[in-house]
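Tertiary structure, described
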Amino acid sequence: MAATKTQMISRRKFLKLSGALAASTAVANPCRVLYALTKDSGVKNLNEIREVFSACDMCFNKCGLIAQVENDIVKKLDPNPKSLKSRGMLCARGNAGVKQLYDPDRLKYPLLRKGARGEGKWQRLSWDQALDHAAEQLDKIGKQYTRCGFLFMAGTDMQSTFVHQFAEAYGSYNIISHESNCLLSRNRAFLDTYGVMPTPDVLNCKYVIMPGANRFEAIVTPDTMDLMTAMENKSKLVVLDPRFTKTAALADEWYPIKPGTDMAFFLAVAQVIISEELYDKTFIQEKTSGFEELREHVKQYTPQWAEQETDIPAKDIKRIARELAKAAPSAMVYPGRRSSDYEDSTQIRRSYAIVNALLGNWDQKGGLLVPKKVKPGSMHLEAPFYEDNPDDRVDAGMAQMMFGEEGSFKHTRDAILKGEPYPVKGWMTYKTNPMQTGANRNKTIEMINTLDFMMTVDITMSDTAWMADLVLPAPSYLERQDPLSAFLASSTCSGVITRDAVVPAMFESKPVFWIVKELAKRLDLGEFFDYTMDDFRKEQLKKIPEVAKAIKEDGVYNITGPSYGLYKGKPFKTTSKKIELYSTRYKSKGIDPMPVYKSPKSIPENHFRIVVGRNAYITQSASTNNNLLWELQKENHLWVHPESAAALGIKDGETINVKSSAGKVTIKARVTKETRPDTVYMDTGFGVMSNWLTNIAGKGACIAEILEDRADIISGNMAMHETFVTISKI
Amino acid sequence: MTQRKKYAIIINAAKCIDCKACMIACKVENNVPEGFWRNWINVLGGENGSVRTEFQPSQCMQCDDPSCVAACPVQATYKQDNGLVVIDPEKCIGCGNCVTACPYKARYRDPVKKIADKCDFCEDRLQRGKEPACVVTCPTKTRVFGDMNDPADPVAQMVKKEKLVQIVAPHINTRPNIYYFEGTKLLDWAVTPMLPGNVSMPREFWKTVSTVK
Ligand code: SF4
Ligand code: SF4
Ligand code: SF4
């Protein structure tokens, strides 16, 4: 890829804002009341508007919002300026939330499958019929295959905790979240280095290097906004990404790194920092363990060597390493979020964690922080004991160091397909859509076809619901009362937010809290859910009464004040009580104690590596059918570099075949220099099977169809960048 | 006596991340029909072959010499005392003259209401004491809204302190009330408006202006 090797963009000159204004963007307080209603200003008759606080649920960020309600209709969602984590903003998806509420494609009543799985023939049931049926299946499967024969999977949602509690009361250990398709390998790496998953203080950082993450498109609050504010304040952003994302477009420097080689880059950065002694010696001595081993280990990883691996010139690697060290401790390797990319994705993130340690940015302004947080209480659940249950989760032991409470979607699916170590025959999903987000859709279908019973609770007929036997309608976030939820927000510390119903639930939709309570009653587990949401919240607030007051008045509770310098002299929660550059724990488990670089598999001739990503208008598969967001993007395309397209005779906009060992799709090509010649890309969330998603049915292609299902060896996180595809004219 | 307002927006395009929150917020606030937008983001480069480098938000500029007003045969479009150029839905006959008369392509014919429509800086919100929807929702606060006639207002201060520029059409200067930070790259998307033959335009319109201010 000689063509991309030296390509780099360095062009952004920041336009300075005056002091007062720059300050007002740093702290969110944009909603000044500007103009009072005056009689002589030709005022029209305005309807009365009721304002109700809530929290957005169009993605996981939970941005504070104020719903504008007119005659019991939610007309508009405005950002809540008091919400410090969201810096008083709502993104495009947040604004489109009204169309999650008022969506003609919503599920309206319980449905029972009538035809074959996935055929789309349904029969309407009453809630009583639906719940009786579900309870009967839960009971039957539990008796026949043990309680662990039923798998529970809940997405990121403030009520998912009740699905987990139900699973515990019911007696299954097989509970998985969406996270093993997302960020577990990142968590693993930082946890095993620092003993905790730190939060990046982007706002105060002077030099951010962002490998892979696309923070201006894949919005994470407050990082997205803070990154812009930091850049306004002259901080530097360097992006490593095979795609020219909007983050790359706005960065000071962009390097189209060869996919899968980020570890080589950071080991070389470590080599430069160590060999040139650019680190803080006291910090290294006091706070880290294994420095000598690391020094020896990285000797082999010179910038010259890394240039061959990464396609990034050695002189730039060296310069960036020095610049980082110079800006330290207010410099960071941004940890990123989704890390479901390679089979060694934990080790790749270990290399980020290690460079951060060398920069000495732990607990420093502009570094990696662990903000103060409040911990709402919870209802204590004394889970019953089921004698016939197996010893462990069905995916136990399939990864070297899996998070027991999260599991692995990939490994669970493989275990179910094999029927080993024991059969799992039932599945409940809540607001998660593995049919679209779990690599290898055909395998997911195969797994579903081995089940006796599958039920899905969701707002619309997702592809996962489409495959289920029983589909139960849930209300949107604007129609329900939720428990309190604590969040972390780096430099602005953290806080708590909650939701009350802005308007009553529409159709026959019921919150999952109500659903599990009803199921529990029918299964003689009613005693475990012997409380209302109000009781639950009271319990949560017991020790934090100030939270209730703030939430009532401002719609959010913020802990403010600096969140750095909080851990001076405190030991780390690791084996050595220090930051583990060298992990003795890994060593004892036969895992490389320091990241050892292996070149990614080379791309076979006439093949391309396909990568996963996002833009700011979609939350994977959960929002592509939204009436408003659909206007911004009606289908997805395969990004192909012009050189590669020309070699194959493919024109922009032409429909082409994309094939891997997992499956085959047709999709239109987007011929663009915004990706490397060896890398192709498509957005997630299209090519749906469910034709109840009327805006996007028949549009674009599903990336899960062609992604092969590999896993990170350490954490069991899905590895989605290990797939090679061929593309061809039709 | 309350002083006359002169609403304006100042845009620092270097801060825009093209998230399109402002476009959806506007659409919801103002019931803009499918396929139409009151505000937009111009992207340099883009689709085929070239790469994006800057995102530039825009909308109706509430011009001081609005060609849309001149082009309206029934005076349905007019400029208010507070600087906003608005459309009287009772009067508008939906002829579309103003749509082609705008050098910024800020107007559309609403296929539902069958009248012309465009951004009015969310006048309803202003009357409720709120800033325009696009302004408040923006993650990076790319737009700053305010009253140029109030010396204490941030926009009035920024006009004094910062180097600002405007986007002006090649052949006419409608004297827009949207300002951009100097250094904004894309200042060339305004077009020569198509004015209906039977509309007589004041002579000052036809001055040749290349850059402004
Ligand atoms: S980032 Fe956007 S979609 Fe996510 S919670 Fe915030 S407003 Fe909603
Ligand atoms: S931008 Fe166009 S529509 Fe708006 S006032 Fe100026 S000429 Fe009229
Ligand atoms: S909301 Fe702000 S950042 Fe997003 S597109 Fe609009 S102006 Fe740009």
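Computed from a prediction, not measured in an experiment: that's the story for all the values here. Per chain, the residues get numbers from 1 upward, laid out in the order the sequence is written. To label them, take the chains in the order written and letter them from A, then take the ligands in the order written and number them from 1. Only residues with pLDDT of at least 70 are given local features in this predicted model, and only at 80 or more are side-chain atom pairs given and counted; all residues enter the totals for whole chains, interfaces and linings. Working from all heavy atoms in the structure, the side-chain values ignore hydrogens and water.

Describing the overall build of chain B
Put simply, DSSP H or I for four residues or longer makes a helix, DSSP E for two residues or longer makes a strand, and each gets a number counted from the N terminus. Across its full length, chain B carries six helices and 10 strands. Considering only residue pairs separated by 6 or more positions, chain B has 60% of its internal contacts joining residues 24 or more positions apart. For every accessible area listed, the method is Shrake-Rupley and the probe measures 1.4 Å; residues are considered covered only by the protein chains on display. In the form shown here, chain B has an accessible surface area of approximately 8,500 Å², with 52% of it arising from carbon and sulfur atoms. For this analysis, residues touch if any pair of their heavy atoms sits within 4.5 Å.

Structural notes on the nonpolar core
Judged by nonpolar contacts, the single largest core of 82 residues is most densely connected at A:V74, A:L77, A:L237 and B:F121. It is helix α1 (residues 21-29) of chain B that provides the largest number of residues to this core, a total of five residues. There are two domains that each give this core at least three residues, and those are domain 2 (195-371) and domain 3 (608-729) of chain A. Those residues in contact with A:L77, other than ones at most four positions away along the chain, are A:L65, A:I66, A:A67, A:L90, A:G94, A:N95, A:G97, A:V98, A:Y477 and A:L478. Among buried residues, those of type Ala, Val, Leu, Ile, Met, Phe, Trp, Tyr and Cys that are joined through side-chain atoms within 4.5 Å constitute a nonpolar core. Exposure is judged per residue with a 1.4 Å probe applied to protein chains only, and the accessible area is read against the type maximum: over 50% gives exposed, under 20% gives buried, and values in between give partly exposed. Residues A:I274, A:I348, A:A357 and A:M594 belong to the second largest nonpolar core, which totals 54 residues. For the domains described, the bounds stem from an automatic or database domain assignment.

A word on the site of ligand 2
Residue and element names in this part refer to chain B. Here a residue counts as near a molecule or strand whenever at least one of its heavy atoms sits within 4 Å of it. Looking at ligand 2, there are 13 residues lining it, with C60, C63, C68, C102 and R107 nearest. Most atoms of ligand 2, that is more than half of them, are within 2 Å of grid points of the second largest cavity. In the shell around ligand 2, the residues fall into nine nonpolar, two polar and two charged. In this analysis a 1.4 Å probe is tested at points of a 1 Å grid over the protein atoms alone, and where it fits but cannot get out there is a cavity; an open set with protein on both sides within 12 Å along at least five of seven lines is a pocket; lining residues have an atom within 4 Å of a point. Those molecules having more than half of their atoms within 2 Å of a cavity or pocket grid point set are described as sitting in that cavity or pocket. The nonpolar class holds Ala, Val, Leu, Ile, Met, Phe, Trp, Tyr, Cys and Pro. Asp, Glu, Lys and Arg form the charged class, and all remaining residues, Gly among them, are polar.

Focus: the site of ligand 1
Contacts to ligand 1 come from A:C56, A:M58, A:C59, A:N61, A:K62, A:C63, A:M89, A:L90, A:C91, A:R93, A:G94 and A:I219. Class assignment of the residues belonging to the shell around ligand 1 gives a composition of eight nonpolar, two polar and two charged.

Notes on the confidence of the model for chain A
pLDDT is a per-residue confidence score from the predictor, ranging from 0 to 100. Residue-level pLDDT values for chain A average 92, and 94% of them are 70 or greater. Within the model, pLDDT remains below 50 along residues 1-42 of chain A, and this stretch shows 105 contacts once partners closer than five positions in the same chain are excluded.

Section: the layout of surface pockets
Counted as a void, the second largest pocket has a volume near 1,400 Å³. Along the wall of the second largest pocket there are 47 residues; nearest its centre are B:E29, B:N30, B:N31, B:K113 and B:D124. When residues of the lining of the second largest pocket are traced back to their parent elements, those giving at least two are β2 (64-70), β3 (73-79) and α4 (98-101) of chain A together with α1, β5 (85-87), β7 (115-117) and α4 (123-127) of chain B. If one sorts the elements of the lining of the second largest pocket by residue count, β3(A) sits on top with five residues. Grid points are joined across faces, edges and corners, and a volume is the space filled by probe spheres set on the points.

Points about the pairing of strand β8 (residues 143-147) of chain B
Residues and elements named next belong to chain B. Counting buried residues along β8, five of its five residues qualify, which places the element largely inside the surrounding structure. Covered by surrounding structure in β8 are R143, F145 and D147 together with V144 and G146, the residues of both alternating faces. By the convention used here, strands pair only if DSSP detects at least 2 bridges between them. Here strand β1 (residues 7-11) pairs with β8 via five bridges, running antiparallel. The partner of I9 across the bridge, within β8, is F145.

So, the pairing of strand β29 (residues 724-729) of chain A
All names here are of chain A. Bridging between strand β22 (residues 608-611) and β29 involves two bridges; their strand directions are antiparallel. Along β29, the bridge assignment pairs R609 with F724. As paired strands, strand β24 (residues 655-659) and β29 are joined by four bridges and run antiparallel to one another. Directly across from K659, in β29, lies its bridge partner T726.

Overview of the domain arrangement of chain A
Residue and element names in this part refer to chain A. Domain assignment breaks chain A into domain 1 (113-182 + 389-482 + 515-545), domain 2 (195-371) and domain 3 (608-729). Computed from C-alpha coordinates alone, the two centres of domain 2 and domain 3 are separated by 28 Å. Opposite the 23 residues of domain 2 that make contact, domain 3 presents 26 residues. Taking both partners together, domain 2 and domain 3 bury about 2,100 Å²; carbon and sulfur atoms supply 48% of that area. What makes a salt bridge here is a side-chain nitrogen of Lys or Arg within 4 Å of a carboxyl oxygen of Asp or Glu, nothing more. In this structure, the connection of domain 2 to domain 3 is made through two salt bridges. When the shortest N-O distance is used, the salt bridge between E343 and R710 registers 3.5 Å. Each polar contact in these results corresponds to two N or O atoms within 3.5 Å; when the atoms are within protein, one needs to be able to donate a hydrogen and the other to accept it, and residues that are neighboring in sequence are counted only if both atoms are side-chain atoms. Inspection of the domain 2/domain 3 interface yields 16 residue pairs in polar contact (both at pLDDT 80 or more). For the side of domain 2 that touches domain 3, the element with the highest residue contribution is helix α15 (residues 345-358), accounting for three residues. Here the residues of the side of domain 2 that touches domain 3 are counted per class, giving eight nonpolar, six polar and nine charged. Two parts placed together each lose some accessible area under a 1.4 Å probe, and the buried area is that loss summed for both.

Remarks on the sheet that holds strand β20 (residues 557-558) of chain A
Residue and element names in this part refer to chain A. Taking strand neighbours across the sheet as the criterion, the three strands line up as β18-β19-β20 in an open arrangement whose pairing is antiparallel. Two strands close off the open sheet at either side, each with one partner strand: β18 (485-488) and β20. In terms of strand pairing, β18 meets strand β19 (residues 494-497) through four bridges, oriented antiparallel. Residue pairing in the sheet places S485 in a bridge with I497 of β19.

Regarding the confidence of the model for chain B
All names here are of chain B. Mean pLDDT for chain B: 87, with 85% of residues reaching 70 or above. Note on residues 46-50: pLDDT under 50 across the span, and 14 contacts to partners over four residues away in sequence or across chains. Within the model, pLDDT remains below 50 along residues 208-213, and this stretch shows 13 contacts once partners closer than five positions in the same chain are excluded. Across the interfaces of the predicted complex, the ipTM metric reaches 0.92, alongside a pTM of 0.92.

Notes on the environment of A:K365
All names here are of chain A. Mapped onto the elements, K365 comes out in the loop between α15 and β14 (368-369). Considered as a pair, K365 and S644 are 279 residues apart in the sequence and their alpha carbons are 45 Å apart. Excluding residues within four positions of it along the chain, K365 makes contact with D201, N204, P329, S330 and Y564.

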